[in-house]
Amino acid sequence: MSGKYYQPEMETMPAEEMRKLQDYKLVHQVRYVYENVPYYRALMDEKGVAPEDIHGVEDLRKLPFLKKDDLREAYPYGLLATDLKNCVRIHSTSGTTGKRVVAFYTQKDVDMWEECCARAIVAAGGGEGDVCQVAYGYGLFTGGAGLHGGSHKVGCLTLPMSSGNTERQIQFMMDLNATILCSTPSYAAYIGESLKASGYQPEDNHLKAGIFGAEPWTEEMRRDIERSLGIKAFDIYGLTEMSGPGVAFECEEQTGMHINEDHFIAEIINPNTGEPLPLGEKGELVFTSLDKEAFPLLRYRTRDICVLTREKCSCGRTLLKMCKPMGRSDDMMIIRGVNVFPSQIEAVLLNAGYAPNYQIIVDRVNNTDTFDINVEMSGDDFSDTPKVITAREKELQGAMKTMLGINPKIHLVAPGSIPRSEGKAVRVIDKRKRLGINV
Ligand code: ADP
Ligand code: ZN
């Protein structure tokens, strides 16, 4: 298979037709969940809504939300909608924000998920003849398995590297002429840095595209990775609860990710009131699965902050688009009363010419929040005099103040001293948590 779309009939379906398809699927999914998931049935009963009340997408707002806490409470089998003997796979979240959640898949669920990833690979220019290096972790994490399955469906030659062992990644990438790299953006940045350290130029590899996601990354980081690997870098979004990567994927326009609306309905809500917001407004992303068998979730609150838009896309896809998530509502730090997102800090650093190697440390001393950012220097900067380094720290501090409204303490640290990530990067160390402060 090679071409512009993996499933053109779905990816370019006129919006009105897609809406009808969603209406039809939603009615069935709601009935299926009501009949098979006592946990959700109780939530619906409590809200006084029955499957007969749901005639289509316009009735979605009548349904109760599901939250991460529900998934933790129902762990492990409470939201399972089919007999375990019909399931073929289990995956689990990375546990970035607390106890892991497990999700179940029937073979049909796995196929749907892999097709979503196949759409992403084709949108990034992949097809038969491509060598797809999957450097997301394999295992309980959905990254490896999702792109691996998608790569098979597209007919790429799949290199199942998993994450880590960067030397071997590079050797195989070069020896086997990998053309597409799939990994977290932080790992892609590290691979780029390691290639350079091994004496390679960006044009020495055969890569043409990268499919990077599973964690927030900025446009500045995209440019950095594109430069260091000599590729076009595509974003991909997903979450274990909904299947894994591939819920949404980027096309060549690189202006947001198309949501696979034939499988997922997306809504944006006000995170404080739960009120649905119109297209174009910023809020919390909520997903409803439309045809899952093992682990269907209705109105699942992702906590990801984002904007949805439906504008004509030059790629010809009609699917709704989501912007890069601006972080999770629970990523947001409140420091001295000011809302701070790690992505804002990353943007300042990359704009100022630093590599995306940094760590944010927040603590509370004598009832005041402390806010420190360790930023790695490049080898060249490192040889500067202490006076020059202090001046650079001041300069960066000024840029941060302008972006954030508060002053962090900047520490320029030695090259290579900040731990690199092979999966999702840990950018924030919030020591206030030890004080039992709810941050
Ligand atoms: P965990 O929630 O424990 O990290 P997952 O591995 O399922 O578990 O990760 C899903 C989450 O990862 C999403 O809810 C979102 O916050 C983040 N994520 C996934 N893809 C992207 C992306 N392209 N950009 C920003 N964040 C992303
Ligand atoms: Zn597009």
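Preceding block: the structure.
### Structural notes on the packing of helix α9 (residues 219-229) against helix α10 (residues 342-351)
Think of two packed helices as two axes; the pair is described by the angle between the axes and how far apart they sit.
So, point 1. Orientation of α9 relative to α10, taken along the N-to-C sense of each, is 45°, at an axis distance of 8 Å. Compared by their axis directions, α9 and α10 come out oblique. Here E220, M221, R223 and D224 of α9 lie close against α10, whose contacting residues are E346, A347, L350 and N351.
So, point 2. Grouping the amino acids of the contact of α9 with α10 by side-chain chemistry returns 3 nonpolar, 1 polar and 4 charged.

### What to know about the pairing of strand β12 (residues 300-306)
So, point 1. Most of β12 sits out of view: 7 of its 7 residues are buried.
So, point 2. Because side chains alternate across β12, one face comprises the buried residues Y300, T302, D304 and C306, and the other comprises R301, R303 and I305, equally buried.
So, point 3. Where strand β11 (residues 283-289) meets β12, 4 bridges bridge the pair, whose relative direction is antiparallel. Counted as the bridge partner of E284 is I305 from β12.

### Some points on the packing of helix α2 (residues 15-36) against helix α3 (residues 38-47)
So, point 1. Contact geometry for α2 and α3: axes closest at 6 Å, N-to-C directions at 105°. Considered as vectors, α2 and α3 are oriented roughly perpendicular to each other. Facing V30, V33, Y34, E35 and N36 of α2, the residues of α3 in contact are P38, Y40, R41, M44 and D45.
So, point 2. Broken down by class, the residue content of the contact of α2 with α3 amounts to 6 nonpolar, 1 polar and 3 charged.

### Thoughts on the layout of surface pockets
So, point 1. In this model, the second largest pocket occupies a volume close to 700 Å³.
So, point 2. As for the second largest pocket, its lining consists of 26 residues, of which E193, K196, D224, A355 and S378 are closest to the centre.
So, point 3. Every element with two or more residues in the lining of the second largest pocket is listed here: α8 (185-197), α9 and α11 (379-382).
So, point 4. No other element matches α8, which puts 6 residues into the lining of the second largest pocket.
So, point 5. Looking at the lining of the second largest pocket residue by residue, the classes come out as 11 nonpolar, 8 polar and 7 charged.
So, point 6. Inspection of the lining of the second largest pocket shows a minimum of three residues originating in each of domain 1 (8-330) and domain 2 (334-435).

### Things to note about the nonpolar core
So, point 1. Ranked by internal contacts, the top residues of the largest apolar core, which has 79 residues, are Y40, L147, Y237, L285, F287 and M322.
So, point 2. Ranked by the residues each element gives to this core, the list is headed by helix α5 (residues 107-123), at 10 residues.
So, point 3. Not counting residues up to four positions away in its chain, the partners in contact with Y237 are G244, P245, G246, V247, A248, M257, L285, F287, T302, D304, M322 and P325.

### Points about the coordination of the zinc ion (ligand 2)
So, point 1. Those donors, C251 (SG), H258 (NE2), C313 (SG) and C315 (SG), are the protein atoms that reach the zinc ion (ligand 2), and they lie 2.1 to 2.2 Å from it.
So, point 2. Coordination geometry of the zinc ion (ligand 2): the 4 donor atoms subtend angles of 103 to 114° at the metal centre, consistent with an arrangement described as tetrahedral.
So, point 3. Counting along the primary sequence, the residues that act as donors to the zinc ion (ligand 2) give the motif C-x6-H-x54-C-x1-C. The same class applies to C313 and to C315, which are both buried.

### Looking at the sheet that holds β12
So, point 1. With antiparallel pairing, the 3 strands of this open sheet are ordered in space as β10-β11-β12. Since the sheet does not close on itself, it has two edges, and those belong to β10 (264-269) and β12, each with one partner. Taken over all neighbouring pairs, the strand axes of this sheet differ in orientation by 30° on average, direction set aside.
So, point 2. Examined bridge by bridge, β10 and β11 share 6 bridges and lie antiparallel to one another. In the strand pairing of β11, I265 is matched with T288.

### Some remarks on empty space enclosed by the protein
So, point 1. Per the stated rule, a full pass over the model turns up 1 cavity of 30 Å³ or more.
So, point 2. One number sums up the size of the largest cavity: a volume of about 50 Å³.
So, point 3. For the largest cavity, the full set of lining residues is L71, A74, Y75, P76, G78, L79, V101, V102 and F295.
So, point 4. For the lining of the largest cavity, the residue count by class is 8 nonpolar, 1 polar and no charged.

### Regarding the pattern of salt bridges
A side chain of one charge can pair with a side chain of the opposite charge if their charged atoms are brought near each other.
So, point 1. On inspection of all chains with the given rule, the structure shows 31 salt bridges.
So, point 2. In this structure, K324 and D235 form a salt bridge, with 2.8 Å as the shortest nitrogen-oxygen distance. In this pair, K324 sits in the loop between β14 (321-322) and β15 (333-335) while D235 sits in strand β7 (residues 232-239), placing the two residues 89 residues apart along the sequence.
So, point 3. Overall, K324 belongs to the buried group, its relative accessible area being 16%.
So, point 4. Overall, the relative accessible area of 4% leaves D235 in the buried class.

### Quick word on the side chain of D23
So, point 1. Tracing the backbone through its elements, the reader meets D23 in helix α2.
So, point 2. Judged by its relative accessible area of 19%, D23 falls in the buried class.
So, point 3. In contact with D23, not counting residues within four places along its chain, are H55, G56, V57 and E58.

### A few points about the packing of aromatic side chains
So, point 1. Applying the stated rule across the entire model yields 8 aromatic pairs.
So, point 2. Summarising the aromatic geometry, the rings of Y77 and F104 are spaced 5.8 Å apart at their centres and angled 35° between planes, so their arrangement reads as tilted. Of the two residues, Y77 is situated in the loop between α4 (68-73) and β1 (87-92) and F104 in strand β2 (residues 102-106); the sequence distance between them amounts to 27 residues.
So, point 3. Given a relative accessible area of 2%, F104 falls into the buried group.
So, point 4. Ring geometry for F104 and F295: centres 6.2 Å apart, planes at 55°, overall tilted.

Rules and cut-offs
Residues numbered from 1 in each chain as written. Chains lettered and ligands numbered in written order. Predicted model: local features only at pLDDT ≥ 70, side-chain atom pairs only at ≥ 80, totals over all residues. Heavy atoms only, no water. Axes fitted to C-alpha atoms, helices over the stretch in contact; angles between N-to-C directions. Helix = DSSP H or I, 4+ residues; strand = E, 2+ residues; numbered from the N terminus. Parallel < 35°, antiparallel > 145°, perpendicular 65-115°, else oblique. Contact = heavy atoms within 4.5 Å. Nonpolar A, V, L, I, M, F, W, Y, C, P; charged D, E, K, R; others polar. Buried < 20%, exposed > 50% of the residue type's maximum accessible area, 1.4 Å probe, protein only. Pairing = 2+ DSSP bridges. 1 Å grid on protein atoms, 1.4 Å probe; cavity = no way out; pocket = protein on both sides within 12 Å on 5 of 7 lines; lining within 4 Å. Points joined across faces, edges and corners; volume = space filled by probe spheres on them. Domains from an automatic or database assignment. Core = buried A, V, L, I, M, F, W, Y, C linked by side-chain atoms within 4.5 Å. Donors = N, O, S within 2.8 Å, 3.2 Å for Na, K, Ca; no water. Tetrahedral: all angles 85-135°; square planar, octahedral: opposite > 155°, others 65-115°. Salt bridge = Lys/Arg side-chain N within 4 Å of Asp/Glu carboxyl O. Phe/Tyr/Trp six-rings, centres within 6.5 Å; stacked < 30°, edge-to-face > 60°.

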